[in-house]
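Tertiary structure, described
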Amino acid sequence: MFHRILVEDWQRVLTIISFSIFGLVFLLMLLRVRRLPREEVQHLENLPLQNDTDDHAR
Amino acid sequence: MTTTATKTRIEFDDKTVRQFMIASIFWGVVALLVGVLIATQLAWFQLNFNLPYLTFGRLRPLHTNAAIFAFVGNMMFAGMYYSTQRLVKARTASDLLSKIHFWGWQAIIVAAAITLPLGLTRGKEYAELIWPINIAVAVIWVVFAINFFWTLARRNEPSLYVAIWFYIATIITVAMLYIVNHLSLPTSLIHSYPVFGGVQDALVQWWYGHNAVAFFLTTPILGIMYYFMPKAAERPVYSYRLSVVHFWSLVFVYIWAGPHHLLHTSLPVWLQSLGMIFSLMLWAPSWGGMLNGLLTLRGAWHKLRTDPVLKFFAAGVTFYGMATFEGPLMSIKAVNALSHYSDWTIGHVHSGTLGWNGFMAAGMFYWLAPRLWDRKLHSTSLANMHFWLGLVGILLYVASMWVSGVTQGLMLSATKEAGTVLAYPNFLDAVTSTKSLMHIRALGGAMYLVGFLMLAYNIWRTAAGAQPVNGTIEVYVDEKHAQKQLSLAGGFINAPVVYSVLVIVFATIWAAFGGIVSGLGLCGLIATVLAVMGHVEFSGGKWADWYNRLLENSLPFTALTAMAVFIGGIVQIVPTIVINKAANIEGVRQIPYTPLQLAGRDIYIREGCYNCHSQQIRTLVGDVLRYGEYSKLGETIYDHPFQWGSKRTGPDIAREGGKYPDSWHYFHMLNPRQISPGSTMPNYPWLFTRRTESDLLPNKIKIQRRLGVPYPEWTKEEIAQSVAEEEQAIAVGLRTAGAEIEPDREIVALIAYLQKLGKYEKVAVPKPTQHTAAK
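About the cut-offs
Residue numbers run consecutively from 1 along every chain, following the written order of its sequence. Just so you know, chain letters begin at A and ligand numbers begin at 1, following the order they were written in. With the structure being a predicted model, the display of local features is reserved for residues of pLDDT at least 70 and the display and counting of side-chain atom pairs for 80 or more, all residues being used for whole-chain, interface and lining totals. To qualify as a helix, a DSSP run of H or I must reach at least 4 residues; to qualify as a strand, a run of E must reach at least 2; elements of each kind are numbered from the N terminus. Here the C-beta atoms are placed from the backbone, and a residue counts as buried if at least 20 other C-beta atoms lie within 10 Å of its own, exposed if 12 or fewer do, and partly exposed otherwise. Based on C-alpha atoms, the radius of gyration is set beside the globule rule, defined as 2.2 Å times the residue count to the power 0.38. Placing C-beta atoms from the backbone, we regard two residues as in contact once those atoms come within 7 Å. Segment limits for the domains were obtained from an automatic or database-derived domain assignment. Three classes are used, and their members are as follows: Ala, Val, Leu, Ile, Met, Phe, Trp, Tyr, Cys and Pro are nonpolar, Asp, Glu, Lys and Arg are charged, and the others, Gly among them, are polar. Here an axis means a line fitted to C-alpha atoms, over the contact stretch when the element is a helix, while the angle between two N-to-C directions is reported on a 0 to 180 degree scale. An angle counts as roughly parallel when it lies under 35 degrees, as roughly antiparallel when it exceeds 145, as roughly perpendicular when it falls between 65 and 115, and as oblique in every other case. If you view the pair so one helix is near and one far, a crossing is left-handed when the near helix is turned anticlockwise from the far one by less than a right angle, and right-handed when it is turned clockwise. Note on pairing: two strands pair once DSSP finds at least 2 bridges between them. Each direction from the helix axis to a C-beta atom contributes to the arc, which is the arc of those directions. How sure the predictor is of each residue is captured by pLDDT, a score from 0 to 100. By this rule, a helix spans an expected 1.5 Å times one less than how many residues it contains. In this scheme, the bend at a residue equals the angle between the axes fitted to the seven residues that finish there and the seven that begin there.

Helices and strands together make up the secondary structure of chain A, namely 2 helices and 0 strands. Counting only residues that meet the buried cut, chain A has 16% of its 58 residues in that class.

Okay, structure coming up:
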C-alpha cells in the first residue's frame, strides 16, 4: 500500500469512485431541492428579513 | 397562525455580540501587527532583534493563531450569536454559558499570546498550543456547543435556515478535528508529544489543517454571508435551493481534501489522489456558494457605490471565489510541484484570510455597530477609505507573493544539461531574487493594517458615549411545534437512511472485492435500487415529508452532518493508523534519536524552525538533485511530531546530517550571513548560553517508548552518561575547529540533532504478492 513509485492497479478506480460518490451526493441534493415546495422556500429565504427592533435603529 | 400560538416579547442577548465584536477588532489589530512585523523580518533580518521572543520562528505561530482563532474566531462568534438568536427567534439559552464562552476564549488567546513567544509549542502548524490550553479550548468549545444547541431546542421558529446548518457543521467538525489532531501524551505541564508519528502525524495534521480552513474560516463565514448579505441588500438570498446544494456538497467534499498538502511526499499515492480529486470537485460547491452570495446583490448593485457594507461583502465574496479557484488549481499535482513550499501558498492563504474573512468581518462590523449602539456609523467616508486601502493592500500582498512563489518554484526546480544539473544550485539565489517582493508584501500588509485601524477608530467613535441596545422581537410561540420533533432514533431508523446504508455497503463490496463477492455486491446494489424505486412508487411522497421533518429537528440533522464529515476522516486516517508500520517503510527505517539528539530536536521545535525548513524531499527532479534521494516513509516513522514543514524560506534539511562539519552549524547559528551571504535567517545567540534541559530527558524517553519508539529501558544515569559523552565529543570537535563552547549548551544538542537528519538503517522489503497487485 505504501510503495509510492509503483502505482498499483486498484488505485486507478479511486478517482472514479471519488467522482461517483460526489456526483451521487450532488445529484440527490439537486433532485431534493427541486422538490422543495415553493411556499417552504419562500418562508426560509425570508427568515433573515424578518426585522427586529435593531432594524429600525440606524 | 394556529389557535395554540401565544404572543411573546423576546429581548436578545446582544451584549455577548458586542463583546465578541470588540475582542475581534482588538485581536485583529494584534494579529495584523505581528503579521507586518514578521513580513518585514523576511526583508530585514535585523528586525528579529537577536531576541528569542521576537524571532520569526516563534512569532509566525502567534500571527497565524491570532488571525485564525482570535480575529476570525471572535468575529465568527459575534456573527453566530447575533444571527442565530434572530433566525430561531429566541434569546441565547444561557447568559452564564455565554459569559463563560466569551471570557474563556479570551483567556485562551492571552495564554497563547504568552506561551508562543516563550517557545512553548507542539510544533504543528495552527496546532501549536500546549496541551493544557488544548484542554481549555475543548472545554470552552463544548460550553459554546451546549449553549448553541440549547438555544435551538428553545427556538420559536420551527424551520432551520441554512446559516444555522453551516453553524452546526462548524461546531461538530471543529470539535472532531481539534480533538483528534491534539491527542498527545504529556511529558510535563508545558510539553507533550503527539500520539501520531511520521506519515500518520502528517496526514492527521493536514486533515486538521486543511479543515481548520474549511470549518473555522469558511463554513461559519458562509453562514454569516447567508444571513448578513440578505440583510444588507434588503432582499432574500438569490437561490435558497442552491444554498441547500451548496451546504451538503461542501460539507461532504471538504473533509476529504486534506492530503493535497502532502502531494509528492511519502504519503501513499492513493491518499494523494483522493486529496487532489476531492479538491478539484470542491470547485463546484464553492463557486455555487460564491455566485449565490454575489447574485444576492441583484438589483442592489447601485448601492455599492455608497454603502461600505455592501462593498466589503461583495469584495469578500469575490475573494472567496478567487481563493476557492486557486486552491483546487494548486491541488493539481503538476501545479503543486511548482507552488508547494513556495510563497504562492502564502499568497493563497492571505487572499482567503484578508480578502474573504477580513472583508466579511469588516462588512459585518460596519453593519452591526449602528444597530448594537443605536447610532449612525461615525464616518461612512472613513469606512470607504478603509475599503480601498485594504483592497490595494491585499492586491499588493497577494500579487507579490504570486510572483515570488512562481519565481522560487521555477528557480529551485530549474535544471540544465538534459535535466542532470541544477540551474541554480545555491538556494540563496532564489532568496535574493525575491527580496524586493518581500518589501512589497510588507507594504501591502501595512496598508491593510492601517485600513483596519481606521475600522477600529470608526467603530470606537460610533460606540463612544452611545447607549448599547439589545434587539427585541415579538413572536408567536407555536405549541404544536413540539409535536413535530423527531427523536434521534426516528431520524435514523427509517426507509431513506436504511436504503442509503445498503447502497453504500453493496457499492463498497462491489468495488473493493473481486470474483463472486464483487458480483454479489453488484446484485445487492441493483436489488436495493429496485427496492427504492418500488418503495417510492407505493409510499406516495412520504420521503419528502421525512426530509422536511429532518430540517426542523436539529439533533438528527446534526448527526447526519457529523456522519458526512466522519466518513471522509475515517476513510483517510484509519488505514494509516492500523497499518503495520514495519511492513511498509519502503526499505529504510529511522534510527531513534540519541537522548542528546532528542533534546536538540525539542530545541528545533521550540524555535519554530519548521516554519522555514522542510524535512521532506519530494519525488521531483529538482528536489532530488538539490537535496538527495527522495524521502521514504520509514525515515520519519518515529518522529513525534513530524517536521515535514509546509514552506521553504530556507532549504530542505531532511538529509542535512553529515553534509557539513559541526563547526559549520556552530557559526551558521551564530550568524547565518557569515556562512551564507544574503541569508534572512535570524541569529540564535541564546543557544550558546542556555543549558540543555537534559534532566527532562528520562521522562521524555519514557513517553516516546510508550508511543512505540524502540528505545531501550535506559536508567536516568545511562541517559545522563549518553548525553555527557555525546556533548563532550561534539564540544571537542568544535574546539579543534576554533569554536569554543561549554558542552552542556543548547547549540551542542541542536548540532547533534541536525547531524542525525537523514540517517537510517536499510531493511529487507517484502515483495508484493500477486493478490495485492491484482487489487
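Scanning chain B for helices and strands turns up 29 helices and 8 strands. Here the C-alpha atoms of chain B give a radius of gyration of 28 Å, agreeing with the 28 Å that 2.2 N^0.38 yields for 775 residues. Dimensions of chain B, computed from C-alpha atoms along their principal axes, come out at roughly 95 × 75 × 55 Å. Counting all 775 residues of chain B, 53% fall into the buried class. Taking as baseline every contact in chain B between residues at least 6 positions apart, the subset at least 24 positions apart corresponds to 83%.

The next subject is the domain arrangement of chain B. Residues and elements named next belong to chain B. You can read the domains of chain B as domain 1 (18-469), domain 2 (485-583) and domain 3 (588-762). Here domain 1 and domain 2 have C-alpha centroids that lie 33 Å from each other. On the domain 2 side, the residues contacting the 22 residues of domain 1 number 15 residues. Listed by contribution, the elements that provide at least two residues to the side of domain 1 that touches domain 2 are α4 (131-153), α5 (162-181), α6 (198-215), α8 (240-254) and α9 (269-281). Split into classes, the residues belonging to the side of domain 1 that touches domain 2 amount to 19 nonpolar, 3 polar and no charged.

All names here are of chain B. Remark: helix α1 (residues 15-41) packs on helix α16 (residues 435-463), axes separated minimally by 9 Å, with the N-to-C direction vectors making an angle of 165°. Classified by the interaxial angle, the pair formed by α1 and α16 is roughly antiparallel. As α1 runs across α16, the sense of the crossing is left-handed. Facing α1, whose interface residues are Ile 25, Gly 28, Val 29, Leu 32, Leu 33, Gly 35, Val 36, Ala 39 and Thr 40, α16 presents Arg 441, Ala 442, Gly 445, Ala 446, Tyr 448, Leu 449, Phe 452, Leu 453, Leu 455, Ala 456 and Ile 459. For the contact of α1 with α16, the per-class residue count stands at 15 nonpolar, 4 polar and 1 charged.

Quick look at the pairing of strand β3 (residues 191-194) of chain B now. Residues and elements named next belong to chain B. Burial along β3 is two-sided: His 191 and Tyr 193 and Ser 192 and Pro 194, pointing in opposite directions, are all buried. Direction of pairing for strand β2 (residues 184-188) relative to β3: antiparallel, over a ladder of 4 bridges. Opposite Pro 186, over in β3, you have Ser 192 as the bridge partner. Joining the antiparallel neighbours β2 and β3 is a turn of 2 residues.

A separate point is helix α26 (residues 697-706) of chain B. All names here are of chain B. Considered for burial, the residues of α26 that qualify are Leu 697, Lys 700, Ile 701 and Gln 704. All buried residues of α26 lie within an arc of 95° about the axis, which places them on one face of the element. Elements in contact with the buried residues of α26: β2, β3, α22 (595-606) and α27 (716-736). Just downstream of α26, Gly 708 is the residue with a positive phi angle, here 105°.

All names here are of chain B. For Leu 329, the location among the structural elements is in helix α11 (residues 308-330). Classification of Leu 329 as partly exposed rests on a count of 15 C-beta atoms within 10 Å. Separated by 395 residues in the primary sequence, Leu 329 and Ala 724 have C-alpha atoms spaced 51 Å apart.

On to the confidence of the model for chain B, then. Residues and elements named next belong to chain B. Averaged over every residue, the pLDDT of chain B is 91; the share at 70 or more is 92%. With pLDDT under 50 throughout, residues 769-775 is counted as low confidence; its partners more than four residues away or in other chains account for 8 contacts. Interface predicted TM-score (ipTM) for the complex: 0.84; the corresponding pTM is 0.90.

Next up on the list: helix α13 (residues 343-372) of chain B. Residue and element names in this part refer to chain B. Spanning 30 residues, α13 covers 40 Å between terminal C-alpha atoms, matching the ideal 44 Å at 1.5 Å per step. Gly 358 marks the point of greatest bend in α13, at about 25°. Burial of α13 is extensive: 29 of the 30 residues sit out of reach of the surface. With its phi angle positive at about 55°, Asp 374 sits one or two positions after the end of α13.

Below, the discussion takes up the environment of Arg 155 of chain B. Residues and elements named next belong to chain B. Mapped onto the elements of the fold, Arg 155 is located in the loop between α4 and α5. Residue Arg 155 is classed as buried on the basis of its 22 C-beta neighbours within 10 Å. Dropping the residues within four chain positions of it, Arg 155 is found in contact with Val 88, Lys 89 and Ala 90.

Residues and elements named next belong to chain B. In the segment running from His 640 into Pro 641, the intervening peptide bond is cis, with an omega of 0°. By the element assignment, Pro 641 lies in the loop between α23 (621-627) and α24 (662-670). For Tyr 341, which is not glycine, the phi dihedral falls at a positive 70°. On the secondary structure map, Tyr 341 appears in the loop between α12 (333-339) and α13. Tyr 341 gets classed as buried once you count the C-beta atoms within 10 Å, which come to 25. The phi torsion at Ala 418 lies on the positive side, around 55°, for a residue other than glycine.

When two helices pack together, their arrangement is given by the angle between the helix axes and by the axis-to-axis distance. All names here are of chain B. Look at α22 against helix α28 (residues 746-756): their axes get within 7 Å of each other, and the N-to-C directions meet at 100°. Between α22 and α28, the interaxial angle falls into the category roughly perpendicular. Facing Leu 596, Gln 597, Ala 599, Gly 600, Arg 601, Ile 603 and Tyr 604 of α22, the residues of α28 in contact are Glu 746, Ala 749, Leu 750, Ala 752, Tyr 753 and Lys 756. Grouping the amino acids of the contact of α22 with α28 by side-chain chemistry returns 8 nonpolar, 2 polar and 3 charged.

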